[in-house]
Structures are given as C-alpha cells and as structure tokens.
Amino acid sequence: MLNDLVDKRKTILAESEQHKNRRNELNALASKCARERNELNNQTRQFVEEAQKHKELRDSSNKDVSDLKDQRNVLNEQANVLFEELEEYKKEHGNIKKGQVKDIQRQIEFLEFKQQTEAMSSDKERELVEKIKHMKSQVREQEAELEQNKEIRSKLQEARDLRKQASDLHIKVTESAELAQTHHDLMVDCYRKADKSREEADAKHRAFVEAQESADAEHKAFIECQKELRDYDKVISGMRTKTKKVKTVKENKTVRLEAEKIFNSFKSGEKLTTDDLLLLQRSKLI
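Residues numbered from 1 in each chain as written. Predicted model: local features only at pLDDT ≥ 70, side-chain atom pairs only at ≥ 80, totals over all residues. Heavy atoms only, no water.

Q: Explain the overall build of the chain residue by residue, including any values.
A: Counting secondary structure elements, the chain contains five helices and zero strands. Reading the helices (α) and strands (β) of the chain from amino to carboxyl end gives α-α-α-α-α. Within the chain, buried positions represent 27% of all 286 residues. Sequence separation of 24 or more characterises 79% of the internal contacts of the chain that already satisfy a separation of 6 or more. As presented, the chain carries roughly 19,800 Å² of accessible surface, and 50% of it is formed by carbon and sulfur atoms. (Helix = DSSP H or I, 4+ residues; strand = E, 2+ residues; numbered from the N terminus. Buried < 20%, exposed > 50% of the residue type's maximum accessible area, 1.4 Å probe, protein only. Contact = heavy atoms within 4.5 Å. Areas by Shrake-Rupley, 256 points an atom, 1.4 Å probe, with all protein chains shown as cover.)

Q: Run through the nonpolar core, naming residues and quoting values.
A: Leu75, Phe83, Leu86 and Leu162 are the most contacted members of the largest nonpolar core, which totals 14 residues. Elements represented by at least two residues in this core include exactly α1 (2-93) and α4 (150-267). Judged by nonpolar contacts, the second largest core, of seven residues, contains Ile104, Ile108, Leu111 and Leu128. (Core = buried A, V, L, I, M, F, W, Y, C linked by side-chain atoms within 4.5 Å.)

Q: Go over the packing of aromatic side chains with me, naming the residues and quoting the values.
A: In the structure shown here, the tally under the stated rule is zero aromatic pairs. Its guanidinium or amino end placed over the ring of phenylalanine 208, arginine 37 lies 5.0 Å from that ring's centre, counting from NZ or CZ. (Phe/Tyr/Trp six-rings, centres within 6.5 Å; stacked < 30°, edge-to-face > 60°. Lys NZ or Arg CZ within 6 Å of the ring centre and 35° of its normal.)

Q: Lay out the side chain of serine 176 in plain terms, naming residues and giving numbers.
A: With respect to the secondary-structure elements, serine 176 resides in helix α4. Judged by its relative accessible area of 13%, serine 176 falls in the buried class. If we skip the residues at most four places from it in the chain, serine 176 touches Ser61, Asp64, Val65 and Leu68.

Q: Run through the pattern of salt bridges, naming residues and quoting values.
A: For the structure on display, the rule yields 17 salt bridges. The salt bridge involving glutamate 36 is made with lysine 204; its shortest N-O contact spans 2.7 Å. With glutamate 36 in helix α1 and lysine 204 in helix α4, the pair connects residues that are 168 residues apart, well separated along the chain. Lysine 204 sits in the partly exposed class, given a relative accessible area of 28%. Each of Lys32, Glu36 and Lys204 takes part in a single network of salt bridges with overlapping partners. (Salt bridge = Lys/Arg side-chain N within 4 Å of Asp/Glu carboxyl O.)

Q: Summarise a negative patch on the surface; cite the residues concerned and give the values.
A: Judged by side-chain charge, Glu15, Glu224, Glu228 and Asp231 come together as a negatively charged surface patch. Sort the elements by how many residues they give to the negative patch and α4 lands first, with three residues. Here glutamate 228 shows up in helix α4. (Patch = residues over 30% accessible without salt bridge, like charges linked within 9 Å, V, L, I, M, F, W, Y side chains within 5 Å. Lys, Arg positive; Asp, Glu negative; His and termini not counted. Charge placed at Lys NZ, Arg CZ, Asp CG, Glu CD.)

Q: A description of the side chain of glutamate 112 should follow, citing residues and the corresponding values.
A: Inspection of the secondary structure assignment puts glutamate 112 in helix α2 (residues 100-117). At 2.9 Å, the side chain of glutamate 112 forms a polar contact with the side chain of lysine 136. Leaving out residues up to four positions away in the same chain, glutamate 112 has contacts with Ile132 and Lys136. (Polar contact = N/O pair within 3.5 Å; in protein donor to acceptor, adjacent residues only side chain to side chain.)

Q: Describe the environment of isoleucine 108, and please don't skip the residues or the numbers.
A: Here isoleucine 108 shows up in helix α2. Placed 27 residues apart in sequence, isoleucine 108 and methionine 135 show a C-alpha to C-alpha distance of 6.9 Å.

Written as structure tokens, this is what we have:
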C-alpha cells in the first residue's frame, strides 16, 4: 500500500509541474498581449491627436477661404459698380450695348473658376484658356474706347486694379481651399488608422483576458496538486513512522530472546564473549 501511495504521489507531482509550467507560459503570453495592447493604445492616441491637429488646420484654412471670399466679393462688387458706370457712359457716348462688358467679365470669372476647380483634359483646358483670352481681348478693346477720357481712364484703371486684387484673392482662396482639403484628407486617414489600431488593441486585450483566465485556472489546478501532495506526504510519513516502530519492536523482541538465552547459558556456567556482554547490556539483563 505504501508503494502505491508513493507512485500516486509521483503522478500528482508530475501533474503539478505541468500545471506550473503551463501557468508560467500563459502568464508570459498575457504579459506580451498586455504590452502589445498598451503600445497599440498609445499608437491610437497619437493618431487621434494628429487627426485633431489636421482638423484644426483644416478648419483654419476653411475660415481663411470664407474670409478671402468675402474680401474678393467686396472687391468684385466695387469693380462691378465702376464697370456699370463706365457702361452707362459708353451707352451715352458710343454704340456699345449696356451690360456687355459686365457680362463678359462675369463670364471670364466663371470660366477662370471652372479652370481652377474642375479636372479636365489638356485639350479641353487649352480650349478654355483660349476662350478666356479672347473674351479678355474683347473687354480690352471696348475699354480702350473709354481711355480717351482722362476721368474715365482713371475710373477704368481703378476698376482694373480692383479686379486684379479680386483675382489675386481668388488665387489665395483656391490655395486655402486646396490646403483645407489636404488637411481634411490627412485627418480622415489618421482617424482610419486610429480605428484600425483600436481594433487591434481590442483583439490584444481579448487575448490578454483569455490567457490570464487560463493562467488562473492552471494556477488553481497547481494549488490543488500541492494540497494533494501535502496530504500524501502526511499519510506516507505516518505509514513510514509506523512501519519503523513495528520493525524496532520486532528487533527488540528478537534481541531480548537472544539475550535471555545467553543469560541462561551464563547461569549454567558457560563463559561469555564480549559481544554476549554487549547484547546483555542492551537488553538490560545485566
């Protein structure tokens, strides 16, 4: 029975080592998952912060677009007023139809805006540029008639300057709009990256929880094995102690019988050896 218990103890000890090793492996895996999860969370935070910066820059550029448009529109309106006055003068002093210069100028503005904002083939853009050039030539021809009058020439120059300022502002509007779109695209890209790294972080967290729970289960099994080992040790130790006592009693009984036999021989007059005397002393017969 003692041997059976010893064999069972060896089996439990082997199971205990397996649970301990598996627990340590799972704890290492959980730590790795937690570390990678934290790195991904930091990465997500950085992407969100970068996206927020691009959002602020986009909004700032959009505000610039709005402000520049307002300034451009004011200049165009001022120029239009002057051109209308010039057209009235033409009507009174020439054969030019009312509103003709103004209409052409507005068409030019529309076509220039179309050129700057719409994607088109090289041939199509070349055709558009030629059309704008022709229309501007028409305006210059009609305005040349007005330059004969000094007052009109001054007013025409003022109108041209206002239109030039408006055109310069329109270029800035386009640049700011493009910059706003660039920051918008970068913002969207950063948010997309943040979503991806957040999903990866969530997956790592799930793996961490799963590994940690499995490690806890292995640790619990290890503790149970340790408890069983202590129980086996108590039983085995008790049985060994009992066996030792029984053996000692048997040995003492055997020694006692041998000593009594030697003592009886001594009383009969036989001589004793040194070993006989030691045996009698151990048995307390002398």
